[in-house]
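Structural characterization, general
The chain contents come next:
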Amino acid sequence: MLRNYLLIALRNLLRNRISSLVNILGLAIGMAAFVLIIQYVRFELNYDDFHEKGDQIFRIQQDRYDKGKISTQWAAGCPAVGQALYENFDEVENFTRFQRLNGVFSYGDKKFREEEIYLADTSFFELFSFRMLSGDPQTALMNPMEMVVSQSTARKYFGDQDPIGESLRFNGGLEFKITGVFEDIPRNSHLKPEIVGSWATLIRFEGSAINTAWLRDGYYNYIQLHTAVNYKEFEAKIPSFVEAQVGPALEQYDGGVIYNLQPLRSIHLHSDFMMEAEPNGNARSVYALMVIAVFLVIIAWVNFINISGARSLERAREVGMRKVTGAYRSQLVVQFLMESVLVNLVAILLAVLLVNLLNSSFNMLTGVEQDYSFASNPGFWAGILLMFMAGAFLSGLYPALVLSSFKPATVFQGVSELKVGGIGIRRILVIFQFATSLLLLAGTLTVYTQISFMRNHDLGVDIDNVLVVLGPSINDSTYSETFNAFKSEIIRNPDIEKVTASITIPGRQPPWNAGGIRRISEGDQESKQYRIVGFDFDFVDFYDLNVIEGRNFSRDFGQNSGTVLFNEAAIELMGFKDNASAMNVPIFFWGDTFNIVGVLQNYHQEGLKTDPEPLIFRFFEDANGYYSLKVNPAKTTEVLAFVEEQWRQFFPLNPYEYFFLEDYYNEQYMNEMRFGKVFGVFAFLAIFIACMGLFGLSSYTTIQRTNEIGLRKVLGSTSGNAVLLLLRYFVIQVMIAVPIGLGLGYYIMHGWLQNFAYRVGIGWWFYLVPLFLVLLITILTVGSQVLKTANVNPANTLRHE
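In this report, the structure presented in the accompanying data block is examined. These figures come from a predicted structure and were not determined experimentally. (Residues numbered from 1 in each chain as written. Predicted model: local features only at pLDDT ≥ 70, side-chain atom pairs only at ≥ 80, totals over all residues. Heavy atoms only, no water.)

What follows concerns the packing of aromatic side chains. A full pass over the atoms with the stated rule returns 59 aromatic pairs. Seen in terms of ring centroids, phenylalanine 124 and phenylalanine 125 are 5.2 Å apart; in terms of plane orientation they differ by 85°. Their pairing is edge-to-face. Taken as a pair, phenylalanine 124 and phenylalanine 125 share a single burial class, namely buried. Where tyrosine 157 meets phenylalanine 158, the ring centres are 6.4 Å apart and the plane angle is 50°; that geometry is what we call tilted. Classification of phenylalanine 158 as buried rests on a relative accessible area of 5%. Through a chain of ring-to-ring contacts, three or more aromatic side chains come together here, namely Phe50, Phe98, Tyr118, Phe124, Phe125, Phe128, Phe130, Phe182, Tyr220 and Tyr222. If you follow arginine 519 out to its NZ or CZ, it ends over the ring of phenylalanine 576, 4.0 Å from the centre. Taking the ring centre of phenylalanine 542 as reference, the NZ or CZ of lysine 630 above it sits at 5.7 Å. (Phe/Tyr/Trp six-rings, centres within 6.5 Å; stacked < 30°, edge-to-face > 60°. Buried < 20%, exposed > 50% of the residue type's maximum accessible area, 1.4 Å probe, protein only. Lys NZ or Arg CZ within 6 Å of the ring centre and 35° of its normal.)

Here it is, written out as structure tokens:
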């Protein structure tokens, strides 16, 4: 019997090649897209999931206050807080802390700039499940000037040689002995150290007082709570403890500090503070992609139901004949289910093939290297296959029940349209597809409009045609003379217009933050926090920053080291009534006095996600963080070769590393741009699959109304009137779908836009453009069916009536 059902199913599939192809293709595309997206979503949701103690580990996050209001929020804080909680609360089982550094390590003639260097406590490898391949994790970080390196870092410097016991030189001076090698960090970890040095090294140079320093910044603290501890209840105890320890000192220093606990596994998607270890993801974006994935596979199954419904009239007589000849309804249900399972099975196999073919392209689109092989993800694939088979059964069950319910007497007279609760199933399905299409089009349009706005908005700073060379980490007492000679040499090149040196560059968070800054005339309680930017004489002119009050640093005024510039946000924060009133006012910070000599117009140092921060600009004639060069874009290759030649002559001990500032600046929007691309691609696929279903629905509707159109034409109606009559049905469904799709779209996209301080407003385009596109797509999709039905000869349709 099963063989019989299978043969009949195969014959039906081959007999109706077009509908079978549309069904299989739509299902395969929907399933493949679902797998690709869900695997990516799974990757994002499983960040830091590999840590065995992950449920017990919390990062200590710092909020700073000014007059009772949060002024800044930090992922890092003082070095004392983790140890203090560990020593004073039984709830804390363990803790670790570390400082992040960067610099140049060298071994023989090999030298590389390392950006992910940690100086960490000995407990670092006790909390985090970073697997040591060699060396003892208990003792590897016990002594000063010792470190462990990642597997890839060891290979980079030593090849196949055993690195244990070897030493690397840091910034041309200190030597660190390698005491261990750890496995490369998984990609879905928010911490990605390449080199971990000992905390004892920091103590050697700064003294043991660093362990109890509450007024220092830039240190990451993690604690491990006992399993039975409720972290929210424990978190509530921290403010009073900190207040008892150093409350008055913190209030005088920067207006008060509150420490919060962040669950380790929530950091990647739910944290966006200053000094994050890496740019984090966005939960809203991930959930939006999950919704698209679900829509894709649901639309694919809805299409299957639609097209099965469209074919119901063709197969109604077949059902009637089978029942007349003695077939039971249960046998017909099994037969139609067999056809459904067969179609879905072929679609699943095709989907698996598509996933493997599109794997690398999707990885490039998301920027995440994923392994979709069954061997690496047996549980994932088992779950996916189980879900698809369940969907195949459920999506096939309804058509099977409907087709098997036809009564022979009714079938041979004509079949009326199917109803559910007074509304045709076809109407519910078409409204669902239109609403989904409107939602996806509105979402795609919003994402691309926001990204375009960010990339083209006036930043207040000129980043075009700027080549940035990373400054030398290895220097000596002659650095100032060497840099001036290097600058003089490269500025002679006619393709290099300007050169400036700075501590940081636009697009990068300033590395220095200072609290306790106030006017000399004010008390400590008026102190504020500011970000500090250091640069030379040429920086303001180079980046076309606008001096709106006072002056820039200038050689004409002799001593500049005792002067500072403010931006407008800093002027406002310090409480000046206007820019002019700030001129030549002495301020106190870093234990010294500086005079304000100029005000710069606010510019976007860190992009459009946040408002301009209060910035104080200090003069550094020999800044060595970054060298910015304004270059001729038509001679990029020649300029790069020339600068490299000069670099190797003047800074031979340092690697030559560079980037173009416009690309670097836009990297901070990389997550949004990737999200936009992924959203757009899969929104297009969803609409494409929906069009297949719409084609099936139009076929269903027009076939049902063929006799009606013939009768209307006999009574004097024209083909044009028939076209309008048939199209009106779909247009009405579109208008019903508008408040559903665009209403939900507004709610979702309005929430997504709240991630940006500078954002587009949702205007008329949000409603009219998707509506116009859906109407256009509808007309183009159903047009051929409508025209075919409208132009049919009434004699052919009514001859059997």
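For the rest of this paragraph, the subject is a negative patch on the surface. A surface patch of negative charge is lined by Asp464, Glu662, Asp663 and Glu667. Within the element layout of this structure, aspartate 663 appears in helix 20 (residues 661-666). Classification of aspartate 663 by relative accessible area gives exposed; the value is 53%. (Patch = residues over 30% accessible without salt bridge, like charges linked within 9 Å, V, L, I, M, F, W, Y side chains within 5 Å. Areas by Shrake-Rupley, 256 points an atom, 1.4 Å probe, with all protein chains shown as cover. Salt bridge = Lys/Arg side-chain N within 4 Å of Asp/Glu carboxyl O. Lys, Arg positive; Asp, Glu negative; His and termini not counted. Charge placed at Lys NZ, Arg CZ, Asp CG, Glu CD. Helix = DSSP H or I, 4+ residues; strand = E, 2+ residues; numbered from the N terminus.)

So, on to the pattern of salt bridges. In the structure shown here, the tally under the stated rule is 21 salt bridges. The salt bridge partner of arginine 265 is aspartate 49, with a shortest N-O separation of 3.3 Å. One end of the pair, arginine 265, is in the loop between strand 11 (257-263) and helix 9 (267-270); the other, aspartate 49, is in the loop between helix 2 (17-45) and strand 1 (57-66), with 216 residues separating them in the sequence. For arginine 265, a relative accessible area of 26% corresponds to the partly exposed category. Among the ionic pairs, lysine 487 bridges to aspartate 538, the shortest N-O distance being 2.5 Å. Note that lysine 487 is positioned in helix 16 (residues 479-491) and aspartate 538 in the loop between strand 15 (528-535) and helix 17 (539-542), a separation of 51 residues in sequence. The exposure class of lysine 487 is buried, given its relative accessible area of 17%. Residues joined by salt bridges that share partners form a network here, namely Asp49, Asp55 and Arg265.

Here strand 17 (residues 563-567) lies mainly inside the structure; five of its five residues are buried. Of the two faces of strand 17, the one lined by Thr563, Leu565 and Asn567 and the one lined by Val564 and Phe566 are each fully buried. Pairing analysis gives five bridges linking strand 17 to strand 19 (residues 592-600), with the strands arranged parallel. Residue pairing in the sheet places valine 564 in a bridge with isoleucine 596 of strand 19. Across three bridges, strand 17 lies against strand 20 (residues 615-619) in antiparallel orientation. When the bridges of strand 20 are listed, valine 564 appears paired with arginine 618. (Pairing = 2+ DSSP bridges.)

Let us now look at unusual backbone geometry. Not every positive phi belongs to a glycine, and methionine 275 is a case in point at roughly 65°. Topologically, methionine 275 is positioned in the loop between helix 9 and helix 10 (283-310). Owing to a relative accessible area of 26%, methionine 275 belongs among the partly exposed residues under this scheme. Backbone geometry places aspartate 544, a non-glycine residue, at a positive phi of 55°. Take aspartate 544: it is sitting in the loop between helix 17 and strand 16 (547-550).

Across the interface, helix 16 lies against helix 19 (residues 636-650) with an axial gap of 10 Å and an inter-helix angle of 155°. In terms of orientation, helix 16 and helix 19 fall into the roughly antiparallel class. Every pair of crossing elements has a handedness; the one defined by helix 16 and helix 19 is right-handed. Residues Thr482, Ala485, Phe486, Glu489 and Ile490 of helix 16 touch helix 19, and the partners they reach there are Phe642, Val643, Gln646, Trp647 and Phe650. Looking at the contact of helix 16 with helix 19 residue by residue, the class counts come to seven nonpolar, two polar and one charged. (Axes fitted to C-alpha atoms, helices over the stretch in contact; angles between N-to-C directions. Parallel < 35°, antiparallel > 145°, perpendicular 65-115°, else oblique. Left-handed = near helix turned anticlockwise from the far one by under 90°. Contact = heavy atoms within 4.5 Å. Nonpolar A, V, L, I, M, F, W, Y, C, P; charged D, E, K, R; others polar.)

Time to look at the side chain of serine 123. On the secondary structure map, serine 123 appears in the loop between strand 4 (110-120) and helix 4 (124-127). Owing to a relative accessible area of 7%, serine 123 belongs among the buried residues under this scheme. Only 2.4 Å separates the side chain of serine 123 from the backbone oxygen of phenylalanine 95, close enough to count as a polar contact. Residue contacts for serine 123: discarding those within four places in its chain leaves Asn94, Phe95 and Thr96. (Polar contact = N/O pair within 3.5 Å; in protein donor to acceptor, adjacent residues only side chain to side chain.)

What follows is about the nonpolar core. Counting 112 residues, the largest nonpolar core has Met31, Phe388, Tyr543, Leu661 and Phe682 as its most contacted members. A per-element tally of this core places helix 2 first, with 15 residues. In this structure leucine 661 touches Ile463, Val466, Val468, Ile505, Pro506 and Tyr543, once residues within four positions along its chain are discounted. Phe98, Leu127, Ala140 and Ile267 belong to the second-largest nonpolar core, a separate cluster that totals 24 residues. (Core = buried A, V, L, I, M, F, W, Y, C linked by side-chain atoms within 4.5 Å.)

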